Amino acid sequence: MNFNLDFVGRRKLFLMISAVLLGLGFLSLLFQGLNLGVDFVSGTRVDIKINKPYDLEEAKDQLEELGYQSPDARKAGPKNEYLLFRTSQVLSPDKVNEIEKKFETVYGDNVAVNEQKVDPIIGRELARNALISVLIASVGIILYVTLRFEYRFALSAVLALIHDALFVIGMFSLFQWEVDLVFIAAVLTIVGYSVNDTIVIFDRIRENLDFNKPKTWEELKKTVNDSLHQTLVRSLNTSLTVVFAALTLFLLGGESIRYFALALLLGLAAGTYSSIFVASQIWVSWKWNSIQKAKLKAQTAE
Amino acid sequence: MRVRKGKIVIFSLLVIAILATAALTGPQVAKSITLGLDLQGGFEVLYQAKAEKGQKITRKVLNDTAQALSRRIDVLGVTEPQISVEGEDRIRVQLAGVKNQDKAREVLGKPAKLTFRSPDGKKVLMDGADLKQGGAKQDYDPNNQPAVTVQFKNAEKFRELTRKYVGQQMPIYLDDQELSAPVIQEPIPNGEAIISGNFTVEEAKELAELLNAGSLPVDLKEIHSFAVDSALGKESLKMSMEAGVYGIIIIFIFMIGFYRMPGLVAVLTLISYGYLVLLAFSLLNVTLTLPGIAAFILGVGMAVDANIIMYERIKEEMRYGKSIPSALRSGSRRSFLTIFDANITTIIAAAVLFYFGTSSVRGFAVSLITGIVVSFLTAVALSRIMMTLLVRSNLLRRPGWFGVKESEIGEL
């Protein structure tokens, strides 16, 4: 197909866009942090015994009326007569009374409420463990790509991966979307996609590099631009298909996995963007720098 | 060029076989997969920690107990447990898909204190705390009966004790039950002990795993237990499933619309991908959770990507003026390494996640590795076989069937 877009020529613009978005996310993380869900912070668990069949959505509506936004509530008990409600707030006795009153007026006098302070140590452990695992995985990726390609490709790919993960985390902080255990899975998925997407483009750059052996900036620029053009249809089609899948989950998947789908959606978009506009651009700048240095060395040697 | 009917017959049989297997056994396979706590709910137990003499229930003790419980749940083969510390002295455990609740209670609540005692069975000489972490193994004793071997951290201390009691018994207890009372023939220098006790291989394995998981620092009393609904709720699960189906249909339409005949092949390989991954989950006893589904989606993405990379390459070769068979040959050959490198890089990342990760990170990694391997088999191998059959049949003669316009084809 006939595109004639100069990706490399505008690389500073693209890197600026990424820097601004990441910077925004970083500042937000610094000043307002993440909106952590019940999986990560202490809170209260309220067991509401309703004692008769009830509709979960209806019960959730009662909690929403009391000001708990999209409450984490589940049915439980041998006859599903319990409603388990967890919140990341520490509820005062007044608040608990309020809940009891509300449910009594709706479901009758048989309602019994029992509350407990909850500290989810496993959730926090998991988040820490996920972070460490991703960092070690990055080292693994760097080693393999260095072996098969070269270290500049490896580090650029890992920078793009970190870019994508940070972008999504930053956006979740900026808009204060709730972060729960499944968010970790979404970020891991994004990391996997990002690497896969970047390597395919790098593979083409490497192939054309062997073929063209660019000596000047113009030649190097052309090689990278050509490679990006040659893989552009693939990049667009692949990201279109996965974004379709994430978008249907986001639109039709229901309330409880909306944020999960949203994280995937943002991450997949970022993964595609960063392969073309971040990873490849970092690589080309770095490569050119190295070529010039090598030349200078050769000249001084003469 | 003559149309080769033989190849068309083989191709058709392959298509029928794939569709028939997926349609006939697919639902059954899907049903046999265990769903995680977040998808199907499970059962929960609330424990109260009871201090023993001279012991105080502190935050640290509770945390240690929770960690030990979490390691024990791995013994049960349950993934995604939810464990939380509540109030001053309570620990709540939520387990998914446990068929035998009594067995789960037994494994969880047992203190599992291993003690080596003096000949009269009264004085404790060494206990679980002296064991080397992860050193317990299922093995066989000299009579070839299933047994458990353990390693002591301090081999010197064990040698001293075995020297002192040489010729006498050194009974081994698990909690208050005597497992065996071996007579010490000679001092044991290497810090290794064999525990036999009329075990079956299964029991010995379980005991070894329990010892490795560590004993519970406190006694736990069960306050109550009951079944809980899934975090997602049945309604949301149904909605998500439906959304997934729509997503896949859109991908199918897109692939066929853009890539024509090869797109159809891609759709068939994606169906095989979905079926085989479910089959693998079922055979490997993978518990499917939301993170697992995320990995499944990523696998679909990578399978689609592999197909797209190959077809784009074939189209490219055709535009250079190559004949369809030779474009297929060089296109699939050239795209192979690209796909291989991309997949291996992701597998390395997944393998590291598996090795260093815990619970749901681990579950994600297992699903992802399965997904990548299956996607490689279907989107590369199966796709290539089917494409070759189609092209060799000489049925696909027009570039239009690959989505390549005649006007785009240059001179070679």
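Residues numbered from 1 in each chain as written. Chains lettered and ligands numbered in written order. Predicted model: local features only at pLDDT ≥ 70, side-chain atom pairs only at ≥ 80, totals over all residues. Heavy atoms only, no water.

Take the interface of chain A and chain B next. With 62 residues of chain A at the interface, the matching set in chain B holds 70 residues. Both faces considered, chain A and chain B share a buried interface measuring about 5,900 Å² in area, 64% of it formed by carbon and sulfur atoms. Our count for the contact surface shared by chain A and chain B stands at six salt bridges. Residue Glu-44 of chain B pairs with Arg-45 of chain A through a salt bridge whose shortest N-O separation is 2.8 Å. Where chain A packs against chain B, one counts 12 residue pairs in polar contact (both at pLDDT 80 or more). Elements that contribute at least two residues to the side of chain A that touches chain B include exactly strand 2 (43-49), strand 3 (72-76), strand 4 (82-87), strand 5 (112-119), helix 4 (121-148), helix 6 (181-212) and helix 7 (217-252) of chain A. Here the element with the most residues in the side of chain A that touches chain B is helix 4 of chain A; it accounts for 15 residues. (Contact = heavy atoms within 4.5 Å. Buried area = accessible area lost by both parts, 1.4 Å probe. Salt bridge = Lys/Arg side-chain N within 4 Å of Asp/Glu carboxyl O. Polar contact = N/O pair within 3.5 Å; in protein donor to acceptor, adjacent residues only side chain to side chain. Helix = DSSP H or I, 4+ residues; strand = E, 2+ residues; numbered from the N terminus.)

What follows covers the pairing of strand 4 of chain A. Residue and element names in this part refer to chain A. Buried residues dominate strand 4, accounting for six of its six residues. By the alternation rule, side chains of strand 4 split into Tyr-82, Leu-84 and Arg-86 and Leu-83, Phe-85 and Thr-87, which are all buried. With six bridges connecting them, strand 2 and strand 4 associate as antiparallel partners. From the neighbouring strand, Val-46 faces strand 4, where its bridge partner is Phe-85. Of the pairings in the sheet, the one linking strand 3 to strand 4 comprises five bridges and is antiparallel in character. Looking across to strand 4, one finds that Arg-74 is bridged to Leu-84. In this antiparallel pair of consecutive strands, strand 3 and strand 4, the connection spans five residues, and Gly-77 shows a positive phi of 100°. (Buried < 20%, exposed > 50% of the residue type's maximum accessible area, 1.4 Å probe, protein only. Pairing = 2+ DSSP bridges.)

Moving on, we come to the UniProt feature "transmembrane region" (unreviewed entry) in chain A. All names here are of chain A. UniProt tags residues 12-31, 126-146, 153-175, 181-202, 231-253 and 259-286 as "transmembrane region" (unreviewed entry). With 100% helix and 0% strand, residues 126-146 has its two end C-alpha atoms placed 30 Å apart. Secondary structure content for residues 153-175 is 96% helix and 0% strand, while the C-alpha to C-alpha distance between its ends is 33 Å. (UniProt positions renumbered as here; feature names shortened; annotations may be inferred.)

Right, let's get into helix 3 (residues 93-107) of chain A. Residues and elements named next belong to chain A. Along its 15 residues, helix 3 runs 21 Å from first to last C-alpha, staying within 8% of the 21 Å computed at 1.5 Å per residue. Along its buried surface, helix 3 packs onto strand 2, helix 2 (56-65), strand 4 and strand 5. Gly-108 lies just past helix 3 and shows a positive phi near 95°. (Expected span 1.5 Å × (residues − 1).)

Here we come to the UniProt feature "domain: SecDF P1 head subdomain" (unreviewed entry) in chain B. When the UniProt feature table is mapped onto this chain numbering, "domain: SecDF P1 head subdomain" (unreviewed entry) sits at residues 122-218 of chain B. The span residues 122-218 of chain B is 24% helical and 27% strand by assignment, and the distance between its end C-alpha atoms comes to 21 Å.

What follows concerns the environment of Phe-252 of chain B. Residue and element names in this part refer to chain B. In this fold, Phe-252 is placed in helix 7 (residues 234-283). Relative accessible area serves as the criterion here: at 21%, Phe-252 is assigned to the partly exposed category. Taking C-alpha positions, Phe-252 is 8.8 Å from Leu-270, a pair spaced 18 residues apart along the chain. Apart from the residues lying within four places of it in its own chain, the contact partners of Phe-252 are Val-267, Leu-270 and Ile-271.

Moving on, we come to the side chain of Asn-129 of chain A. Looking at the element boundaries, Asn-129 of chain A is found in helix 4. Taking relative accessible area as the criterion, Asn-129 of chain A reaches 15% and is therefore assigned buried. Of the polar contacts made by the side chain of Asn-129 of chain A, one reaches the backbone oxygen of Phe-356 of chain B; its length is 2.9 Å. Excluding anything up to four places from it in sequence, Asn-129 of chain A contacts Phe-356, Gly-357, Thr-358 and Val-361 of chain B.

We now examine the environment of Thr-358 of chain B. Within the secondary structure, Thr-358 of chain B is located in the loop between helix 9 (324-356) and helix 10 (359-392). Looking at Thr-358 of chain B, the relative accessible area reads 36%, which means it is partly exposed. Considered as a pair, Thr-358 of chain B and Arg-71 of chain B are 287 residues apart in the sequence and their alpha carbons are 10.0 Å apart. Other than its neighbours up to four places away in sequence, Thr-358 of chain B contacts Leu-126 and Asn-129 of chain A.

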